[in-house]
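Residue-level structural notes
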Amino acid sequence: MSAVLEVSDLAVTFGTRDGLLKAVDGVSFSVSRGEVLGLVGESGSGKSITGLAIMGLIDAPGRIARGSVKFEGQELIGKNENTLRSLRGRRMAMIFQDPMSTLNPVLRIDTQMIETIRAHEKVSEKAARARARDALAKVGIPSPDERLLAYPHQFSGGMRQRVAIAIALLHGPSLIIADEPTTALDVTIQAQILSEVQTLAAETGTALVWITHDLSVVASLADRVAVMYAGRLVEEGQVADVLTQPLHPYTKGLIESVPSRNRRGSPLAQIPGMTPSLACLPEGCAFRPRCSRATEICLEAPGLTQHVGGRRVRCFHPSSNLGGGA
Amino acid sequence: MSTPILSLANVSKRFVKPLDASERIANLLGAHREPQIVRAVDRVDLTIMPGEVVGLVGESGCGKSTLGRIVAGIQDPSEGVVAFKGQDIARMNKAERRQANLAVQMVFQDPMGSLNPRMKVLDIVGEAPVVHGIIPTQQKERYVSDLLGRVGLDASAMRRYPHQFSGGQRARIGIARALAVNPTMLVCDEATAALDVSIQAQIINLFVELREEFGLTYLFVSHDLGVVAHVADRVAVMYLGRIVELGSTEAMFASPNHPYTQALLSEVPQLEPKKRKFSALNSEIPSPLRPPPGCSFHTRCPHAFARCETDRPAMQEVGPGRLSACHLNDR
Ligand SMILES: Nc1ncnc2c1ncn2[C@@H]1O[C@H](COP(=O)(O)OP(=O)(O)O)[C@@H](O)[C@H]1O
Ligand SMILES: Nc1ncnc2c1ncn2[C@@H]1O[C@H](COP(=O)(O)OP(=O)(O)O)[C@@H](O)[C@H]1O
Ligand code: SF4
Ligand code: SF4
Ligand SMILES: [Mg+2]
Ligand SMILES: [Mg+2]
């Protein structure tokens, strides 16, 4: 499988009154055709900024400080805005938690969709309308012909998110970055959307980066998972491996703190303390003050090391039930 | 048998949804649009025993918060009887009603929205117990300091304002404020929904500890079935204002009776890594302004038959301590 997206050593900084914040610091991963990568982490860990940086959507005071983003073999960092904009409409698309960040509240859905199609392709209005209708049908919107004539406010939150997804899919992009698109929705609606997205990725070969704070969404949707903490990638691997045998103490803590009926009434494992502020990260490993495995060596910054099964972890003392690594 | 700490009998809550601008204009032009009625809570019976944790689940808009506010005495029902320790609160005198209201406290999802940003934590937590004569003013600082310690905050927190805390710390302040008036019951409305998982775990553990320490009873409202499954002894499932299934957490999760409960449980993403096909209920919850007749779930139910479209199914016993409102149980 060839990589649709290859991110290496990506770093994004924000100049603030507290100094230079490293919101994303040396993140690397790749996604292949038809593959779903789950990007997880708690709020502020740098997930959205990573997604926006890939799409070329970082605005001042943010800045891409270093690194490379290769999309279908083409380097995006340093590309001019026109090239990026044309790629964004056609070859890659982003879906946000709030669908209204993509939808125009005062335009009818058909107007918006037809405009989007004709911005990138020379097709007749009639052909564009037919495509728009098919796209709505594909994401499970009932009576699409009728719904094309509606305005965004006439849709429920779940339906609006479907419309945003349908718009993202219009040009059959090879990459979609989805930033918590189902977080605000009910489980029933989330399940419908996940099911449709899963089918679409499999059918069209679209590579998908699914950003979420919810490990269970990753478990049911993704092939691989990358875990972020304080702007860094701390662990990456196949979903089945990472969720059953996490190597990094933070990943392990996250998994154990998910409530479920299997451990009803018993105390949940909790990670002590709270996420550090980027303005005052601890020296060495950023997780050190919360980590039960920390030793003196953790005062130095751990690098990302390779482990068996194509896994990577950033920790001096990864769980040792697996071979490989340090 | 002991007396329930709280019971609801045939409780309904209706809201009038006023006409919007376009509807008012339509009326000027001769249309006859009337304000619509939302039955947020529709003839609910629920009994909560001392020391129990009852979970309340359902999709957004199904009436969970409204039911929670009725239980906490913040809203009065349009119909039906709410009894606190066996006594109808509508027939209580002022002093009794105040006692009942103090005894049931509410903890909200958005601690920032429910904490006065201009008040120091000392006053946020300490004001109510002083006003209600639970402690004399001179003892306020000691009292607040003890409470903060109890919810895992440093006593120095009382000198600060809400915005100076993280989300998890604000949730703790909200809990301290609720505990300050010695409640016997807490209604937690999506109390951990805004928190990161690792912080949510800390707060859920705190709820469990407090339950043991103070013998608290809980109504735990959440759209997150994992959270409810973890904390609740019994679960009530709500759909369009009605409770459609009620039973022990264990039994309900093992074998849900009502088709809606079955659908809801099957949609919960699990941590077990296996790519699975979601079985998707293939439509959305209908508007509470126009709930379907008969069984209100019939528009989405894979098992619906003719009778479901006309007769409202009553809650009936389907197992020890288990109730479900579905006609399939008569077949
Ligand atoms: N406009 C901004 N100015 C300063 N810092 C920012 C800005 N946007 C994001 N950040 C910082 O970047 C970090 C990562 O943010 P984000 O990627 O949104 O996190 P996530 O999506 O994982 O919750 C945050 O800690 C935040 O402080
Ligand atoms: N104060 C109010 N005025 C009008 N309608 C309301 C009011 N409060 C709630 N509702 C309506 O009642 C229904 C139930 O709401 P709510 O109890 O908040 O549900 P949930 O907490 O399950 O999401 C919704 O349709 C909501 O719009
Ligand atoms: S490097 Fe050290 S402090 Fe960091 S996660 Fe590993 S053991 Fe913990
Ligand atoms: S009463 Fe009928 S429609 Fe309602 S849940 Fe049962 S089978 Fe489905
Ligand atoms: Mg984000
Ligand atoms: Mg609510």
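Shown above is the structure to which this text applies.
Fair warning: this is a prediction, and the values are worked out from it, not measured in the lab. Each chain carries its own residue numbering, running from 1 in the written order of its sequence. Going through the entries in the order they are written, you letter the chains from A and number the ligands from 1. Residues qualify for local features only when their pLDDT is at least 70, as the model is predicted, and side-chain atom pairs are given and counted only at 80 or more; totals for whole chains, interfaces and linings, by contrast, use all residues. Remark: hydrogens and water are excluded; side-chain values derive from all non-hydrogen atoms of the structure.

Here we look at the overall build of chain A
Looking only at helices and strands, chain A has 10 helices and 12 strands in total. For chain A, whose C-alpha radius of gyration is 21 Å, the value lies close to the compact-globule estimate of 20 Å for 326 residues. For the C-alpha atoms alone, the extent of chain A along its principal axes is close to 65 × 50 × 40 Å. Here, two residues are considered to be in contact whenever any of their heavy atoms come within 4.5 Å of each other. Sequence separation of 24 or more characterises 63% of the internal contacts of chain A that already satisfy a separation of 6 or more. All accessible-area figures derive from a Shrake-Rupley calculation using a 1.4 Å probe, and residue coverage is judged against the displayed protein chains alone. Surface exposure of chain A reaches about 13,600 Å², of which carbon and sulfur atoms provide 51%. Helix numbering and strand numbering both begin at the N terminus, where a helix is a DSSP run of H or I of at least 4 residues and a strand a DSSP run of E of at least 2. When we talk radius of gyration, it's over C-alpha atoms, and the globule rule is simply 2.2 Å times the number of residues to the 0.38.

Quick notes on the overall build of chain B
Secondary structure summary: chain B contains 11 helices and 12 strands in total. The C-alpha radius of gyration computed for chain B amounts to 22 Å, which stays within 12% of the reference 20 Å derived for 331 residues, consistent with globular compactness. Considering only C-alpha atoms, chain B reaches an extent of 65 × 55 × 45 Å along its principal axes. Accessible area is worked out with a 1.4 Å probe on protein chains only. A residue is then buried under 20% of its type maximum, exposed over 50%, and partly exposed in between. Relative to its 331 residues, chain B shows a buried fraction of 52%. When contacts within chain B are restricted to residue pairs at least 6 apart in sequence, long-range pairs at least 24 apart make up 66% of them. Entry remark: accessible area of chain B is about 14,800 Å², with carbon and sulfur atoms responsible for 51%. Asp and Glu are treated as the negative residues and Lys and Arg as the positive ones, with His and the ends of the chain left uncounted. Charged groups are reduced to one reference atom each: NZ for lysine, CZ for arginine, CG for aspartic acid, CD for glutamic acid. For chain B, the separation between the mean place of its 37 positive charges and that of its 34 negative charges on side chains is 4 Å.

A word on the site of ligand 3
A cutoff of 4 Å decides nearness: a residue is near a molecule or strand if any of its heavy atoms lies inside that distance of it. Around ligand 3 sit 13 residues, and of these C285(A), C291(A), C298(A), C315(A) and F316(A) come closest. The residue inventory of the shell around ligand 3, partitioned by class, reads 9 nonpolar, 2 polar and 2 charged. Residue type decides the class: Asp, Glu, Lys and Arg count as charged, Ala, Val, Leu, Ile, Met, Phe, Trp, Tyr, Cys and Pro as nonpolar, and the leftover types, Gly among them, as polar.

Topic: the site of ligand 4
Neighbouring ligand 4 are 13 residues; C295(B), C301(B), C308(B), C326(B) and H327(B) lie closest to it. Split by residue class, the shell around ligand 4 holds 9 nonpolar, 4 polar and no charged.

Examining the environment of E267(B)
All names here are of chain B. Counting through the fold element by element, E267 comes out in helix α11 (residues 259-267). Take E267: its relative accessible area is 1%, and that puts it in the buried class. Considering only alpha carbons, one finds E267 and L225, 42 residues apart in sequence, at a separation of 9.9 Å.

Overview of the pairing of strand β4 (residues 62-71) of chain A
Residues and elements named next belong to chain A. Summarising the sheet, strand β1 (residues 3-16) and β4 pair through 8 bridges and their orientation is antiparallel. Paired with V7 across the strands is V69, a residue of β4. When DSSP finds two or more bridges between a pair of strands, those strands are recorded as paired. The sheet contact formed by β4 and strand β5 (residues 74-75) spans 2 bridges and is antiparallel. Bridged to F71 within β5 is Q74. Counted between consecutive antiparallel strands, the loop separating β4 from β5 contains 2 residues, among which E72 sits at a positive phi close to 50°.

Quick look at the nonpolar core
Nonpolar side chains in soluble globular proteins tend to end up buried together. The biggest cluster of nonpolar side chains holds 66 residues, and the ones touching the most others in it are V125(B), I175(B), L186(B), F207(B) and Y218(B). The residues contacting L186(B), other than those within four sequence positions of it, are Q105(B), V107(B), A178(B), L179(B), F207(B), L216(B), T217(B), Y218(B) and L219(B). Each nonpolar core is a collection of buried residues, namely Ala, Val, Leu, Ile, Met, Phe, Trp, Tyr and Cys, held together in the definition by side-chain atoms within 4.5 Å.

Quick notes on the sheet that holds strand β5 (residues 87-88) of chain B
All names here are of chain B. If you walk across this open sheet you meet the 4 strands as β2-β1-β4-β5, and the pairing is antiparallel. Strands with a single pairing partner mark the edges of an open sheet, and in this sheet they are β2 (36-48) and β5. With 9 bridges joining them, strand β1 (residues 6-17) and β2 adopt antiparallel strand pairing. Residue pairing across strands places L6 opposite I48, the latter belonging to β2. Angles run from 0 to 180 degrees between N-to-C directions of axes, and those axes are lines fitted to C-alpha atoms, restricted for helices to the stretch in contact. Helix-sheet contacts for helix α2 (residues 64-71) involve β1, β2 and β4 (79-84), and the interaxial angle to β1 is about 125°.

Thoughts on the pattern of salt bridges
Within this document, salt bridges are pairs made up of a side-chain nitrogen of Lys or Arg and a carboxyl oxygen of Asp or Glu, the two lying within 4 Å of each other. Here the structure, examined in full by the defined rule, presents 36 salt bridges over all chains. The shortest N-O distance in the salt bridge between E236(A) and R224(A) comes to 2.8 Å. Of this pair, E236(A) sits in strand β10 (residues 232-238) while R224(A) sits in strand β9 (residues 224-229); the two residues are 12 residues apart in sequence, bridging distant segments of the chain. Exposure class is identical for E236(A) and R224(A). Each is buried. In this structure, a network of salt bridges that share partners links the residues R39(B), D42(B), R43(B), R242(B) and R312(B).

A word on the side chain of R242(B)
Residue and element names in this part refer to chain B. When you line up the elements, R242 lands in strand β10 (residues 242-248). A polar contact of 3.1 Å, which involves the side chain of R242, links it to the side chain of D42. For R242, the residues in contact, after removing those within four places along its chain, are D42, V44, V237, G294, S296 and R312. Definition of a polar contact: a pair of N or O atoms within 3.5 Å, with one able to donate and the other able to accept a hydrogen when the atoms are protein atoms, and with sequence-neighbouring residues admitted only if both atoms are side-chain atoms.

Concerning the interface of chain A and chain B
Taken together, the contact pairs 51 residues of chain A with 43 residues of chain B. Buried area is calculated as the accessible area (1.4 Å probe) missing from two parts once they are joined, with the contributions of both summed. With both sides pooled, the region where chain A packs onto chain B buries about 3,800 Å², and carbon together with sulfur makes up 56% of that total. Where chain A meets chain B, there are 0 salt bridges. Along the contact surface separating chain A from chain B lie 8 residue pairs in polar contact (both at pLDDT 80 or more). When residues in the side of chain A that touches chain B are grouped by element, the largest group, 10 residues, is from helix α7 (residues 187-204) of chain A. Here the residues of the side of chain A that touches chain B are counted per class, giving 23 nonpolar, 20 polar and 8 charged.

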